[in-house]
Amino acid sequence: MARHFNGGKLVIASHNPGKVREIGDLLAPFGADVISAAELNLPEPVEDGLTFIANAQIKAKAAALASGFPALADDSGLAVHALCGEPGIYSARWAGPSKDFSIAMRKVEQAIENKEDRSAHFACALTLCWPDGHMESFEGRVDGTMVWPPRGDKGFGYDPTFVASGMDITFAEMQPTAKHAISHRAQAFRKLVEACFEAVS
Ligand code: IMP
């Protein structure tokens, strides 16, 4: 049985304010007093894992050990099947130092423009780590197809070029609540919450 989070401070092991806000919102019903790694001035560890889970574990463990509080990390990305899963754990890096995702989306399109298989999935790994080093990890995935040209202005990252299976609009054309109902992150969260959190009344 997974270890439970029993309330109190929870560090979100991310320096990305958008991610911290989204995770804080998702955890609001569970009595977590959320604070970010950036607010605590925690250093960002080197993400040299070879899987989403390995990188989520690196981030969560570094934050839990440095802060003395339980810490939650998210590592996610886009895996294009015709590219053997790339950009995968390097999804953020494909956008270059300027973090320009129009560049990253074009790079993916150029790499697959002559391929028949345009299937892909988004993956998300969440790791909750306690200061004694105990960790619980969960994964979520949403399958779909890469489309071109990009469509929509909601969401972030590769959303304008990804259509989830059974849909005909991109993630960037969907209302955030609709995306959050089916996304890889939402699915990983569902598993995390079911295993480790209890709603407070
Ligand atoms: P991380 O912050 O190192 O986990 O980087 C994850 C990267 O994967 C992001 O910068 C996005 O490019 C991409 N990514 C992850 N989740 C999503 C999503 O829901 N939509 C679009 N892109 C995503």
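Check the entry above for the structure.
In what follows, the accompanying structure is described. (Residues numbered from 1 in each chain as written. Predicted model: local features only at pLDDT ≥ 70, side-chain atom pairs only at ≥ 80, totals over all residues. Heavy atoms only, no water.)

Some points on the pattern of salt bridges
Using the criterion set out here, one finds nine salt bridges in the structure. The partner of K9 in a salt bridge is D33, and the shortest N-O contact between them spans 3.2 Å. Highlighted residues: K9 in strand 1 (residues 8–12) and D33 in strand 2 (residues 32–36), separated in sequence by 24 residues. Residue classification places D33 among the partly exposed residues on the basis of a relative accessible area of 39%. With a closest N to O distance of 2.8 Å, D74 and R185 form a salt bridge. In this pair, D74 sits in strand 3 (residues 71–80) while R185 sits in helix 5 (residues 184–196), placing the two residues 111 residues apart along the sequence. Owing to a relative accessible area of 4%, D74 belongs among the buried residues under this scheme. A relative accessible area of 6% places R185 in the buried class. Via salt bridges that share partners, E47, K59 and D75 belong to a single interconnected network. (Salt bridge = Lys/Arg side-chain N within 4 Å of Asp/Glu carboxyl O. Helix = DSSP H or I, 4+ residues; strand = E, 2+ residues; numbered from the N terminus. Buried < 20%, exposed > 50% of the residue type's maximum accessible area, 1.4 Å probe, protein only.)

Brief notes about the site of the ligand
Close to the ligand lie 16 residues; K19, F101, D159, K179 and H184 are nearest. Between the ligand and R185, the relevant distance is 3.0 Å, taken from a nitrogen atom to a side-chain nitrogen or oxygen of the residue. If the ligand stood free it would expose 490 Å²; the protein chains cover 88% of that surface. Counting only elements with at least two residues in the shell around the ligand, the list comes to strand 3 and helix 5. With three residues, the top contributor of residues to the shell around the ligand is strand 3. For the shell around the ligand, the residue count by class is five nonpolar, five polar and six charged. (Near = heavy atom within 4 Å. Polar contact = N/O pair within 3.5 Å; in protein donor to acceptor, adjacent residues only side chain to side chain. Areas by Shrake-Rupley, 256 points an atom, 1.4 Å probe, with all protein chains shown as cover. Nonpolar A, V, L, I, M, F, W, Y, C, P; charged D, E, K, R; others polar.)

Details of helix 3 (residues 101–112)
Across its 12 residues, helix 3 extends 17 Å between first and last C-alpha, which sits within 8% of the 16 Å expected from 1.5 Å per residue. Along helix 3, the residues classified as buried are A104, M105, V108, E109 and I112. Mapping the buried residues of helix 3 onto a view down its axis gives an arc of 135 degrees, with all of them on the same face. Along its buried surface, helix 3 packs onto strand 3 and strand 5 (135–146). (Expected span 1.5 Å × (residues − 1). Arc of directions from axis to C-beta. Contact = heavy atoms within 4.5 Å.)

Considerations on the pairing of strand 2
Looking at chain direction, strand 1 and strand 2 are connected through five bridges and run parallel. In the strand pairing of strand 2, I12 is matched with S36. Each parallel crossover has a hand, and for strand 1 linked through helix 1 (residues 17–27) to strand 2 it is right-handed. (Pairing = 2+ DSSP bridges. Right-handed = clockwise from strand over helix to strand, strands pointing away.)

What to know about the sheet that holds strand 4 (residues 119–129)
Spatially, 2-1-3-4-5-6 is the arrangement adopted by the six strands of the open sheet, whose pairing is mixed. Each of the sheet's edge strands pairs with one partner strand only, and the pair in question is strand 2 and strand 6 (162–164). Direction aside, neighbouring strands of the sheet carry axes that sit 35 degrees apart on average. Here helix 2 (residues 52–67) sits on the sheet in contact with strand 1, strand 3, strand 4 and strand 5, set at roughly 160 degrees to strand 3. (Axes fitted to C-alpha atoms, helices over the stretch in contact; angles between N-to-C directions.)

Overview of the environment of Q57
Structurally, the position occupied by Q57 is in helix 2. The contacts of Q57, once residues within four sequence positions are left out, are T127, M135 and S137.

Re the packing of aromatic side chains
Tallied over the entire structure, the rule returns six aromatic pairs. Ring centres 5.4 Å apart and planes at 75 degrees place the aromatic pair F101 and Y158 in the edge-to-face group. In this pair, F101 sits in helix 3 while Y158 sits in the loop between strand 5 and strand 6, placing the two residues 57 residues apart along the sequence. The class for F101 is partly exposed, based on a relative accessible area of 23%. According to the relative accessible area criterion, Y158 is buried, its value standing at 4%. Put simply, the rings of F5, F30 and F197 touch in pairs and so form one group of aromatic residues. In this structure, R3 is placed above the aromatic ring of W130, and the distance from its NZ or CZ to the ring centre is 5.0 Å. (Phe/Tyr/Trp six-rings, centres within 6.5 Å; stacked < 30°, edge-to-face > 60°. Lys NZ or Arg CZ within 6 Å of the ring centre and 35° of its normal.)

Without other data, these values stay purely geometric and don't point to any function.
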